[in-house]
Structures are given as C-alpha cells and as structure tokens.
Amino acid sequence: MTLLILGLVLFLGIHTLTTLRSTRAAAIGRLGEGAYKGLYSLVSAAGLVLIVWGFASYRSAGYIQIWNPPVAIFHPIALALLWFAFVALAAAYSPPGKIKAVLRHPMLVAVKAWALSHLLVNGDLGSMLLFGGLLAWVVYDRISLKRRGDMGPPPVDGFKPADAIVIVIGTVGYVAVMWLHESLIGVAVR
C-alpha cells in the first residue's frame, strides 16, 4: 500500500505543479524548459511505475474490502461510463469537432469517467485510493483550468467527420479493453 500511495503522491504532485503557474514558471526559469520537462517526465514515470507496482502488490497481498458495491445496479452504469471515457479519450487526440468542443477538456473528462466507473464497482481500499485519488485530482485540475480561464476549444456548430471517427475509435478501444481486461490487468470484467 505504501508504494501505491507514494506513486500517487509523485504522479499527482508533479501534475499539480502544472496548475500552479507561478511555481511552474519559477521552476522553468531555474532549470530551463528542457530540464524541467525532463524532470517532470521522470517524476511522472516514476510515480506511474510505483502506482502500478504498488497496486499489484496490494492486490497480491489480498484486497481490503471497505464496502460491497451492488454490482447489479452499478455495473451497467460503470460500463456506460467506461465507453464514454474511451470516446472522450479519442476526442482528446482528434481534430476539432463537436464532441471535443462540448467536452472542452476531453482528457480530463475521460479520466473522470474512467475513475468513477471503477469506483462504482470496486469497494476495496486500494481501488478507493487509486481511483478516488485520480478522480479528486481531475476535479481539482478542471477547477484550476476554469479559474485560469482555459475553457478549451471554441464551440463548433454541428457534428463533423472527426466526431464519427472519435465514436468509432472510442468504441473499438472500449471493446478491445473489455475483451483484454483480464489478460492485461489480471481482473475479469464482471
């Protein structure tokens, strides 16, 4: 559990630095942009490795169940949220379209939907720390973007070809992950 928490602190901590614009600017001024980006990448990668390693260690030691989610109720909601997360993720890397414009910050929306979908069906302590921590950070980041006036791409009238591609790519990604979840993550989708 300690590795998981340390990984979350490193990963979310370094990502929080980007929201603190004056602190970030001071760090870039001291280190230079290249060194800052290198250090940022290194700390992010280390945090991610510790999260994966820590969560795997936690799971192998046995889950600490806090509550038992009513799967019959939450499972369909979680699956729908997860599909939406994949569509939002695809929109984050797509050319401008209606979906990207409506979501404003599609990567953040994708992480929110992904984390919430996992929180709905996992009532163990490790999952609550991992997915709850990521969800809390994404909410914080979205609020910080709004306060800075970064409202994302401008509005778009009507659906664009990019929107159809986003839905197809998101759906294909969703189906692939559902099919491969057990072999990739070690947990079957219930």
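Preceding this section is the structure that the text describes.
Note that the structure is a prediction, hence the values are computed from the model and not measured. (Residues numbered from 1 in each chain as written. Predicted model: local features only at pLDDT ≥ 70, side-chain atom pairs only at ≥ 80, totals over all residues. Heavy atoms only, no water.)

Trainee: Break down a nonpolar patch on the surface for me, citing the residues and quoting the values.
Mentor: Together, Ile64, Ile66, Trp67 and Met128 line one region of the surface with nonpolar side chains, adding up to about 340 Å² of accessible area. Within the element layout of this structure, Ile66 appears in the loop between helix H3 (33–61) and helix H4 (71–92). With relative accessibility at 48%, the residue Ile66 sits in the partly exposed group. (Patch = residues over 30% accessible without salt bridge, like charges linked within 9 Å, V, L, I, M, F, W, Y side chains within 5 Å. Areas by Shrake-Rupley, 256 points an atom, 1.4 Å probe, with all protein chains shown as cover. Salt bridge = Lys/Arg side-chain N within 4 Å of Asp/Glu carboxyl O. Helix = DSSP H or I, 4+ residues; strand = E, 2+ residues; numbered from the N terminus. Buried < 20%, exposed > 50% of the residue type's maximum accessible area, 1.4 Å probe, protein only.)

Trainee: If you had to explain the nonpolar core to someone new, which residues and values would you point to?
Mentor: Grouped together as the largest cluster of nonpolar side chains are 17 residues, with contacts concentrated most on Leu4, Leu8, Leu12, Ile51 and Leu130. Only helix H1 (2–17), H3, helix H6 (106–121) and helix H7 (125–148) provide two or more residues apiece to this core. The leading source of residues in this core is H7, at seven residues. Those residues within four positions of Ile51 in sequence are excluded, and the remaining contacts are Leu3, Leu4, Gly7, Leu8, Phe11 and Leu130. In terms of nonpolar packing, the next biggest core, distinct from the first, is built from nine residues, Ala88, Ile99, Leu103 and Val166 among them. (Core = buried A, V, L, I, M, F, W, Y, C linked by side-chain atoms within 4.5 Å. Contact = heavy atoms within 4.5 Å.)

Trainee: An account of the packing of aromatic side chains is needed here, citing residue identities and associated values.
Mentor: The tally for this structure, following the rule as stated, stands at seven aromatic pairs. Ring geometry for Phe55 against Phe131: centres 6.3 Å apart, planes inclined by 70°, an arrangement best described as edge-to-face. Here Phe55 is found in helix H3, whereas its partner Phe131 is found in helix H7, with 76 residues between them in sequence. Neither residue differs from the other here; Phe55 and Phe131 are each classed as buried. The structure contains a cluster of three or more aromatic residues connected by ring pairs, namely Phe55, Tyr58, Tyr63, Trp114 and Phe131. (Phe/Tyr/Trp six-rings, centres within 6.5 Å; stacked < 30°, edge-to-face > 60°.)

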